Amino acid sequence: MTSVEAVRELLSEFPVVDGHNDLPWALREQVRYDLDARDLAADQSAHLHTDIPRLRAGGVGAQYWSVYVRTDLPDPVAATLEQIDCVRQLLDRHPEDLRPALTAADMEAARREGRIASLMGAEGGHSIANSLGTLRGLYGLGVRYLTLTHNDNVDWADSATDEPRAGGLTAFGREVVREMNRLGMLVDLSHVAATTMRDALDASSAPVIFSHSSARAVCDHPRNVPDDVLERLPGNGGMAMVTFVPKFVLQAAVDWTAEADENMRAHGFHHLDTTAEAMKVHRAFEERHPRPVATVATVADHLDHMREVTGIDHLGIGGDYDGTAFTPDGLDDVSGYPKLLAELLDRGWSKADLAKLTWKNAVRVLDAAEDVARGLQATRSPSNATIESLDG
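An account of the accompanying structure is given in this report.

Rules used throughout
- Residues numbered from 1 in each chain as written.
- Predicted model: local features only at pLDDT ≥ 70, side-chain atom pairs only at ≥ 80, totals over all residues.
- Heavy atoms only, no water.
- Helix = DSSP H or I, 4+ residues; strand = E, 2+ residues; numbered from the N terminus.
- Rg over C-alpha atoms; globule rule 2.2 N^0.38 Å.
- Buried < 20%, exposed > 50% of the residue type's maximum accessible area, 1.4 Å probe, protein only.
- Contact = heavy atoms within 4.5 Å.
- Areas by Shrake-Rupley, 256 points an atom, 1.4 Å probe, with all protein chains shown as cover.
- Lys, Arg positive; Asp, Glu negative; His and termini not counted.
- Charge placed at Lys NZ, Arg CZ, Asp CG, Glu CD.
- Core = buried A, V, L, I, M, F, W, Y, C linked by side-chain atoms within 4.5 Å.
- Axes fitted to C-alpha atoms, helices over the stretch in contact; angles between N-to-C directions.
- Parallel < 35°, antiparallel > 145°, perpendicular 65-115°, else oblique.
- Left-handed = near helix turned anticlockwise from the far one by under 90°.
- Phe/Tyr/Trp six-rings, centres within 6.5 Å; stacked < 30°, edge-to-face > 60°.
- Salt bridge = Lys/Arg side-chain N within 4 Å of Asp/Glu carboxyl O.
- Pairing = 2+ DSSP bridges.
- Right-handed = clockwise from strand over helix to strand, strands pointing away.

1. Considering the overall build of the protein
Piece 1. Each helix and strand counted, the protein has 17 helices and 9 strands in total.
Piece 2. By the compact-globule yardstick of 21 Å for 392 residues, the protein fits well, its C-alpha radius of gyration being 20 Å.
Piece 3. Oriented by its inertia axes, the alpha-carbon framework of the protein measures out at about 60 × 55 × 45 Å.
Piece 4. Within the span of the protein, comprising 392 residues, buried residues form 57% of the whole.
Piece 5. At a minimum sequence separation of 6, the contacts of the protein that also span at least 24 residues come to 72%.
Piece 6. Summed over its atoms, the accessible surface of the protein is roughly 15200 Å², and 49% of this surface lies on carbon and sulfur atoms.
Piece 7. The averaged location of the 61 negative side-chain charges in the protein is 3 Å from the averaged location of its 38 positive side-chain charges.

2. Regarding the nonpolar core
Piece 1. Of all hydrophobic cores here, the largest spans 104 residues; its most connected members are L148, W156 and L340.
Piece 2. If you tally residues by element for this core, the top one is helix α16 (residues 351-377), at 9 residues.
Piece 3. Of all hydrophobic cores here, the second largest spans 5 residues; its members include W25, Y68, V69 and L73.

3. A closer look at helix α8 (residues 194-203)
Piece 1. Taken together, the buried positions of α8 are occupied by A194, T196, M197, A200, L201 and A203.
Piece 2. Contacts from the buried residues of α8 go to α7 (171-183), β6 (186-188), β7 (208-210), α9 (227-230) and α10 (233-236).

4. A look at the packing of helix α1 (residues 3-13) against α16
Piece 1. Interaxial distance between α1 and α16 falls to 10 Å at its minimum, and their mutual angle equals 50 degrees. Between α1 and α16, the angle is such that the two are oblique. Considering the relative orientation of α1 and α16, their crossing is right-handed. Only K351, L354, A355 and T358 of α16 make contact with α1, whose side of the interface consists of A6, E9, L10 and L11.

5. Comments concerning the packing of aromatic side chains
Piece 1. Using the criterion set out here, one finds 7 aromatic pairs in the structure.
Piece 2. With centroids separated by 5.1 Å and ring planes inclined at 70 degrees, the aromatic side chains of W25 and Y68 adopt a geometry described as edge-to-face. In this pair, W25 is assigned in helix α2 (residues 23-31) and Y68 in the loop between β2 (60-66) and α4 (76-93), connecting sequence segments 43 residues apart. This pair shows no difference in class: W25 is buried, exactly as Y68 is.
Piece 3. Measuring from ring centre to ring centre gives 5.6 Å for W256 and F285, while their planes differ by 55 degrees; the resulting arrangement is tilted. Of this pair, W256 sits in helix α12 (residues 251-266) while F285 sits in helix α13 (residues 276-288); the two residues are 29 residues apart in sequence, bridging distant segments of the chain. Per residue, the accessibility class of W256 equals that of F285, and both read buried.

6. A closer look at the pattern of salt bridges
Piece 1. Per the stated rule, a full pass over the model turns up 27 salt bridges.
Piece 2. Between R32 and E82 there is a salt bridge, with its nearest N and O atoms 3.2 Å apart. With R32 in the loop between α2 and α3 (52-57) and E82 in helix α4, the pair connects residues that are 50 residues apart, well separated along the chain.
Piece 3. Taking the relative accessible area as the measure of exposure, R32 reaches 48% and is therefore partly exposed.

7. Remarks on the pairing of strand β4 (residues 116-123)
Here is the key point about a regular strand: its side chains alternate between the two faces of the sheet.
Piece 1. When you tally the buried positions in β4, you get 8 out of 8 residues, the bulk of the element.
Piece 2. Examined bridge by bridge, β2 and β4 share 5 bridges and lie parallel to one another. When the sheet's bridge partners are listed, Y64 is paired in β4 with L119.
Piece 3. With 3 bridges joining them, strand β3 (residues 98-100) and β4 adopt parallel strand pairing. When the bridges of β4 are listed, R99 appears paired with A117.
Piece 4. One crossover worth recording links β3 to the parallel β4 by way of helix α5 (residues 104-113), and it is right-handed.
Piece 5. Once the chain exits β4 it traverses helix α6 (residues 132-140) before rejoining the sheet at strand β5 (residues 143-147), and the crossover so formed is right-handed.

Interpretation in functional terms is not warranted from these geometric data alone.
Here it is, written out as structure tokens:
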């Protein structure tokens with residue numbers, strides 16, 4: 001049996017749980033939620049990384065759909081509600097393939113039915129507008145993790161890619177973590193500063209996740225997880241879900257991006273400027289300095305390192321599809337997971353190891369968070385603390 005055949009057999013029993021897919025935001029940006037214009041039952045490879053045929057080809061059995069919204073929107077809570085509504089519309093349109101899931105038991109039910117368990121994660125604490133009541137509202141609508149920050153700080157937590165302000169979590173930030181534990185909502189530490197990671201691990205009584213982050217020791221980018229944090233996951237029970245974004249997994253891509261951004265600034269443009277004039281400058285740079293290309297092996301290197309540091313019981317996959325402009329060679333879209341698993345099999349990972357990576361760890365972590373919540377709900381009332389009362 002070839003590695004690819006062995007992987008196909010494995011995925012028929014233990015499919016992939018992916019921790020982060022930005023399809024809802026891509027649908028907002030491309031077609032303003034016109035799902036007829038992006039019918040996921042058909043091939044959307046000209047527009048998206050994701051559609052149902054490619055999810056099936058990739059062996060995906062559960063997906064956390066990100067209900068991300070930008071931090072600069074005037075009403076991020078309303079925009080998050082629109083993202084949640086988008087996911088619900090997708091579930092209503094494709095009931096044969098996508099199954100709503102709120103619990104670990106729902107994930108297992110979907111696996112038995114041969115459908116893709118569909119969960120939601122909110123990406124960034126700005127989505128709760130400093131309100132624990134709003135946090136509970138999102139949980140009630142089906143959101144099962146909150147990434148504490150996105151690329152910018154929030155009032156109560158520092159981001160990995162912003163200037164430090166809180167020094168990690170504030171008192172209100174720790175209360176957010178405690179209330180998430182009480183609800184059974186997973187604390188997601190992708191995007192947050194290392195200080196925030198450590199504070200959240202100190203505050204959390206339930207397993208945490210990194211929904212789409214890789215190893216900082218392998219690729220020195222602040223979006224990745226330092227080894228001292230990975231070392232704490234066994235004690236916490238949580239997991240880190242490796243991401244595929246080239247500038248987070250390939251050091252040459254990190255360095256190239258820094259040079260490209262500096263070139264934009266030198267020509268008077270913001271590094272995120274996508275106007276015609278700015279893109280002309282960027283394309284000229286790329287012609288002179290070709291973009292480094294990550295591969296399946298690049299991602300596998302992260303998983304090998306993360307396994308050595310934290311153990312096989314604390315790893316998963318979070319590709320960040322439809323949330324990145326570039327992908328590794330061989331992991332071009334959601335059909336590519338079998339190639340990564342075959343690479344790991346060839347490196348000596350066992351089928352039992354791969355079953356934990358794809359399915360078992362993610363289900364266990366959500367189940368453990370639910371168990372912690374049941375205990376806390378028996379002893380603790382909902383928190384009505386405010387950021388003013390705790391942080392002044």
